[in-house]
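One-letter residues, chain by chain:
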Amino acid sequence: MARSALTREEVLETAASLVKQHGPAALTMRKLAAELGTAVTSIYWHVGNRESLLDALVERTVRDMGAVRPTGRTPLDRIVSVARTLRRELRGRPHLIAMVHERGLTERMFLPAQQALVHEVHAAGLRGARAADAVRVVQFQIVGFVLIERNRERSPAQSPAEGELWDPAAAPDDPALSRALARPADPERLFLLSVRTLVAALLAPDGSDGSDGRAGESLR
């Protein structure tokens, strides 16, 4: 017997769960109805056809990604918190993010996070093109790191593995380095280290890195 009192949000939540686990190809109206314990006609009534359902999932993903809220006492801490949240969200819903990208809504999806980052770089005293560069550099770092993580996770087993390549003989003057490289990489630690180091440099006063403050000009 079909269940009653089904809501549109329940349909979208279950559909999103199916896509997260198995990808968009696994999302059929019949399978979704079975998951919800309802009739296929009820699904159509709430969300329309499958294409309309996918559009609704994309809009929902864009909305959810816009809920990023900075935390922390300093601009650096708050920017790092935004980066951590974005990485977690991107890693947690790769199939849905891909659907957003395929529909040309990636920039719109990232806009709330960009606005949060703008607020923090302004709080740190950055303005104009330098502030814009800081926001984009942080965004590129997050997305690039996630892409590298995904690539490493999906790549075939490496032989020899990284840990097998490094031994004291490889760096005789730095055995601690060899021991560290022989251990598996900790992506979470590396992400935080890279973002904190990057943001600290971006927020530093002009010239504090020993340059004349025109480093950005040399890149153009």
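What you see is a predicted model, and the numbers here were worked out from it, not measured in a lab. Each chain carries its own residue numbering, running from 1 in the written order of its sequence. Given that this is a predicted model, residues contribute local features only at a pLDDT of at least 70 and side-chain atom pairs are listed and counted only at 80 or more, while totals for whole chains, interfaces and linings are drawn from all residues. For side-chain calculations, the full set of non-hydrogen atoms in the structure is used, while hydrogens and water are omitted.

**Quick notes on the overall build of the chain**
- Along the chain, the regular secondary structure elements total twelve helices and zero strands.
- In sequence order, the chain lays out its α and β elements as α-α-α-α-α-α-α-α-α-α-α-α.
- The globule rule used here is 2.2 Å times the number of residues to the 0.38 power, and the radius of gyration it is set against is calculated over C-alpha atoms. Taking 2.2 N^0.38 as the reference for a compact globule, 220 residues should give roughly 17 Å; the C-alpha atoms of the chain span a radius of gyration of 23 Å, well beyond that estimate.
- Exposure classes here rest on a 1.4 Å probe applied to the protein chains alone. A residue is buried below 20% of its type maximum, exposed above 50%, and partly exposed in between. Counting the 220 residues in the chain, one finds 34% classified as buried.
- When checking whether two residues touch, look at their non-hydrogen atoms; a contact exists if any pair is within 4.5 Å. Long-range contacts, defined as pairs at least 24 residues apart, comprise 70% of the intrachain contacts of the chain with a sequence gap of at least 6.
- Residue exposure ignores everything except the shown protein chains as possible cover, and the areas themselves are Shrake-Rupley values with a 1.4 Å probe. In the form shown here, the chain has an accessible surface area of approximately 13300 Å², with 55% of it arising from carbon and sulfur atoms. Each helix is a run of DSSP H or I of at least 4 residues and each strand a run of E of at least 2, with the numbering of both proceeding from the N terminus.

**Here we look at the environment of E59**
- With respect to the helices and strands, the residue E59 is situated in helix α4 (residues 50-65).
- By relative accessible area, which is 37% here, E59 ends up partly exposed.
- A C-alpha to C-alpha distance of 8.1 Å links E59 and V100, two positions 41 residues apart in sequence.

**Regarding the nonpolar core**
- Ranked by size, the top nonpolar core spans 52 residues in total, and within it L27, L32, I43, L53 and L57 carry the most contacts.
- When neighbours within four sequence positions are excluded, L57 is seen to be in contact with L12, A15, A16, V19, L27, L96 and M99. Take the buried residues of types Ala, Val, Leu, Ile, Met, Phe, Trp, Tyr and Cys, join any two whose side-chain atoms come within 4.5 Å, and each joined set is a nonpolar core.

**Concerning the packing of aromatic side chains**
- Note on aromatic contacts: the rings of Phe and Tyr and the six-membered ring of Trp form a pair at centre separations within 6.5 Å, being stacked when their planes are under 30 degrees apart, edge-to-face when over 60 apart, and tilted otherwise. Under the criterion given, the structure shown has one aromatic pair.
- When the ring of F145 is compared with that of F191, the centres are 5.1 Å apart and the planes differ by 65°; the resulting orientation is edge-to-face. Placement of F145 in helix α8 (residues 128-154) and of F191 in helix α11 (residues 187-203) is noted, with a sequence separation of 46 residues between them. F191 matches F145 in its accessibility class, with the two residues each being buried.

**Some points on the packing of helix α7 (residues 106-123) against α8**
- Across the interface, α7 lies against α8 with an axial gap of 9 Å and an inter-helix angle of 130°. As judged from the angle between their axes, α7 and α8 are oblique. In this structure, α7 crosses over α8, and the sense of that crossing is right-handed. Residue-level inspection shows F110, Q114, L117, V118, V121 and H122 of α7 in contact with α8, the latter providing A131, A134, V135, V138, Q139 and V143.
- By residue class, the composition of the contact of α7 with α8 is nine nonpolar, three polar and no charged. Axis definition: a line fitted to C-alpha atoms, limited for helices to the stretch in contact. Angles are taken between N-to-C directions and run from 0 to 180 degrees. Small angles under 35 degrees read as roughly parallel and large ones over 145 as roughly antiparallel, with 65 to 115 read as roughly perpendicular and the rest as oblique. Put simply, a crossing is left-handed when the front helix is turned counterclockwise from the back one by less than a right angle, and right-handed when it is turned clockwise. All amino acids are sorted into three groups, where Ala, Val, Leu, Ile, Met, Phe, Trp, Tyr, Cys and Pro are nonpolar, Asp, Glu, Lys and Arg are charged, and the leftover types, Gly among them, are polar.

**Re the side chain of S81**
- Inspection of the secondary structure puts S81 in helix α5 (residues 75-92).
- Of note is the side chain of S81, whose polar atom sits 2.6 Å from the backbone oxygen of R78.
- Residues in contact with S81, not counting those within four places in the same chain, are P70 and T71. A 3.5 Å cut-off defines polar contacts: any pair of N or O atoms within that distance qualifies, except that in protein one atom must be a possible hydrogen donor and the other a possible acceptor, and neighbouring residues in sequence count only when both atoms are side-chain atoms.

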